[in-house]
Amino acid sequence: MSTRVIDGKRLADNLIREVSEQVQHLLDADLPAPGLAVVLVGEDPASAVYVRNKIKRAREAGMRSIEKRLSEDCTQETLEAIIEELNQREDVHGILVQLPLPKHLSAERVIRLIAPQKDVDGFHPHNVGLLATGQASLIPCTPLGCLEILQRELGDLSGKHAVIVGRSNIVGKPMANLLLQANCTITVVHSKTHQANLLARQADILVAAVGQPELIDESWVKPGAVVIDVGINAVEQAGKRKLVGDVNFSKVAPFAKAITPVPGGVGPMTIACLMKNTLVAAQYARDQANGLHHTLS
Ligand code: GUN
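Keep in mind that this is a model prediction, so the values were computed, not measured.

1. A look at the overall build of the chain
Moving on, step 1. Of regular secondary structure, the chain possesses 10 helices and 11 strands.
Moving on, step 2. By the compact-globule yardstick of 19 Å for 297 residues, the chain fits well, its C-alpha radius of gyration being 19 Å.
Moving on, step 3. Judged by the C-alpha coordinates and their principal axes, the chain covers about 50 × 40 × 30 Å.
Moving on, step 4. Out of the 297 residues in the chain, the part that is buried amounts to 50%.
Moving on, step 5. Accessible surface computed for the chain: about 14,100 Å², of which carbon and sulfur atoms make up 51%.
Moving on, step 6. Averaging the coordinates of the 31 positive side-chain charges in the chain and doing the same for the 32 negative ones gives two points 5 Å apart.

Written out as structure tokens, the structure reads:
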């Protein structure tokens, strides 16, 4: 069987090009460029890399970026005051607080404070509820990127059986809701599931989002399945640090119809979808200012 290795970087470049064309339309109409505010608390090296990439991609898409860096020991009140300021600013259309936060801070409280129409991560309970009830909302970037990849690979997803490995609020749960909305049959497996690999082996679509390096081997995969690897795990192999996914690529790839690599698969699409969400938030703000009331899409 010949396996397609999905080029997430190329798909992301295409999506960013489409977004930047839409940004140009806003500029041509004398509207401000979409503004994305990124808040980073502390010095976590992985988070710093993600934030740097998000800001770089925002600039490439023709957007403005506003960076707020806070020290590791900042208080909940300081962080909340920053969010309130960003909620008020007319030049900020999207707000993202990089997770995880230091342990003494409540991510839940911070996310609840972000204005839902600026919540480009789609983590606010308002947006979570809209997605769960099949209404237009800002959708979490990683599941949105996975959906885009799956639709390009498979076209109509109706009737496909999707197994999602992992039940996080950031990926597993919204992925399940999105694929349900696309008329898939959904199974979510997690750490308490018995014989998860046997359930996964029934899947036409397998999405791995557990954060366990190379957990998924060929015993989890039906021949001909499309495998989406959301994991990004730093491991030491032969004395060298490298990134691996949740899928053991060399064992699984021979059996898959198509598979995303790590790095270069889902990661770039996540960031491209953040740009798309920021554009949608800016278009929504423009329409609100013009007295047009529509829902986010
Ligand atoms: N940390 C890991 N993934 C994400 C994400 O999608 N958004 C934010 N804000 N933080 C993250």
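2. Thoughts on the pairing of strand S4 (residues 94-97)
Moving on, step 1. Burial along S4 is two-sided: Gly94 and Leu96 facing one way and Ile95 and Val97 facing the other are all buried.
Moving on, step 2. Alignment of strand S2 (residues 35-41) against S4, held across 4 bridges, turns out to be parallel. From the neighbouring strand, leucine 36 faces S4, where its bridge partner is glycine 94.

3. Re a negative patch on the surface
Moving on, step 1. On the surface, a cluster of negative charge is contributed by Glu43, Asp44, Glu72 and Asp73.
Moving on, step 2. Residue placement: aspartate 44 occurs in the loop between S2 and helix H2 (45-60).
Moving on, step 3. The class for aspartate 44 is partly exposed, based on a relative accessible area of 36%.

4. Notes on the site of the ligand
Moving on, step 1. Near the ligand the following residues occur: Leu96, Val97, Gln98, Leu99, Asp121 and Phe123.
Moving on, step 2. Taking glutamine 98, its side chain carries an N or O atom lying 3.4 Å from a nitrogen atom of the ligand.
Moving on, step 3. In this structure, a nitrogen atom belonging to the ligand sits 2.6 Å away from a side-chain N or O atom of aspartate 121.
Moving on, step 4. When the ligand sits alone it has 280 Å² of accessible area, and the protein chains cover 81% of it.
Moving on, step 5. The site holding the ligand turns out to be the largest pocket.

5. Re the nonpolar core
Moving on, step 1. Core analysis: the largest hydrophobic core is formed by 54 residues, its most contacted members being Met63, Leu157, Leu179, Ile228, Val230 and Met275.
Moving on, step 2. Examining the composition of this core, we find that 10 residues originate from one element, helix H10 (residues 266-289), more than from any other.
Moving on, step 3. When near neighbours in sequence (up to four residues on either side) are disregarded, valine 230 contacts Thr142, Cys146, Val171, Val207, Ala208, Ala209 and Val266.
Moving on, step 4. Among the nonpolar cores identified, the runner-up in size contains 18 residues, and Ala196, Ala200, Trp220 and Val221 belong to it.

6. What to know about the layout of surface pockets
Moving on, step 1. The calculated volume of the largest pocket comes to roughly 1,500 Å³.
Moving on, step 2. For the lining of the largest pocket, the elements supplying multiple residues, two or more each, are H2, S4, helix H6 (141-154), strand S9 (233-237), strand S10 (240-244) and H10.
Moving on, step 3. Counting residues per element, the lining of the largest pocket draws most heavily on H2, which supplies 10 residues.
Moving on, step 4. A breakdown of the residues in the lining of the largest pocket according to their chemical character gives 27 nonpolar, 12 polar and 10 charged.

7. Let's talk about the pattern of salt bridges
Side chains that differ in sign of charge can pair as their charged atoms come close.
Moving on, step 1. For the structure shown, the criterion picks out 14 salt bridges.
Moving on, step 2. For arginine 57, the salt bridge is made with glutamate 60, and the minimal N-O distance between the two is 2.6 Å. Highlighted residues: arginine 57 and glutamate 60, both in helix H2, separated by 3 residues, approximately one helical turn.
Moving on, step 3. Between arginine 69 and glutamate 67 there is a salt bridge; the shortest N-O distance is 2.7 Å.
Moving on, step 4. On the basis of relative accessibility, which here comes to 52%, the residue arginine 69 falls in the exposed class.

8. With respect to empty space enclosed by the protein
Moving on, step 1. Throughout the structure, instances matching the rule amount to 1 cavity of 30 Å³ or more.
Moving on, step 2. There is about 50 Å³ of room inside the largest cavity.
Moving on, step 3. Taken together, Ile95, Leu96, Val97, Leu99, Ile111, Ile114, Asp119, Asp121 and Phe123 make up the lining of the largest cavity.
Moving on, step 4. Among the elements that take part in the lining of the largest cavity, S4 stands out by supplying 3 residues, more than any other.
Moving on, step 5. A breakdown of the residues in the lining of the largest cavity according to their chemical character gives 7 nonpolar, no polar and 2 charged.

The rules behind the values
Residues numbered from 1 in each chain as written. Predicted model: local features only at pLDDT ≥ 70, side-chain atom pairs only at ≥ 80, totals over all residues. Heavy atoms only, no water. Helix = DSSP H or I, 4+ residues; strand = E, 2+ residues; numbered from the N terminus. Rg over C-alpha atoms; globule rule 2.2 N^0.38 Å. Buried < 20%, exposed > 50% of the residue type's maximum accessible area, 1.4 Å probe, protein only. Areas by Shrake-Rupley, 256 points an atom, 1.4 Å probe, with all protein chains shown as cover. Lys, Arg positive; Asp, Glu negative; His and termini not counted. Charge placed at Lys NZ, Arg CZ, Asp CG, Glu CD. Pairing = 2+ DSSP bridges. Patch = residues over 30% accessible without salt bridge, like charges linked within 9 Å, V, L, I, M, F, W, Y side chains within 5 Å. Salt bridge = Lys/Arg side-chain N within 4 Å of Asp/Glu carboxyl O. Near = heavy atom within 4 Å. Polar contact = N/O pair within 3.5 Å; in protein donor to acceptor, adjacent residues only side chain to side chain. 1 Å grid on protein atoms, 1.4 Å probe; cavity = no way out; pocket = protein on both sides within 12 Å on 5 of 7 lines; lining within 4 Å. Sits in = over half its atoms within 2 Å of the grid points. Core = buried A, V, L, I, M, F, W, Y, C linked by side-chain atoms within 4.5 Å. Contact = heavy atoms within 4.5 Å. Points joined across faces, edges and corners; volume = space filled by probe spheres on them. Nonpolar A, V, L, I, M, F, W, Y, C, P; charged D, E, K, R; others polar.

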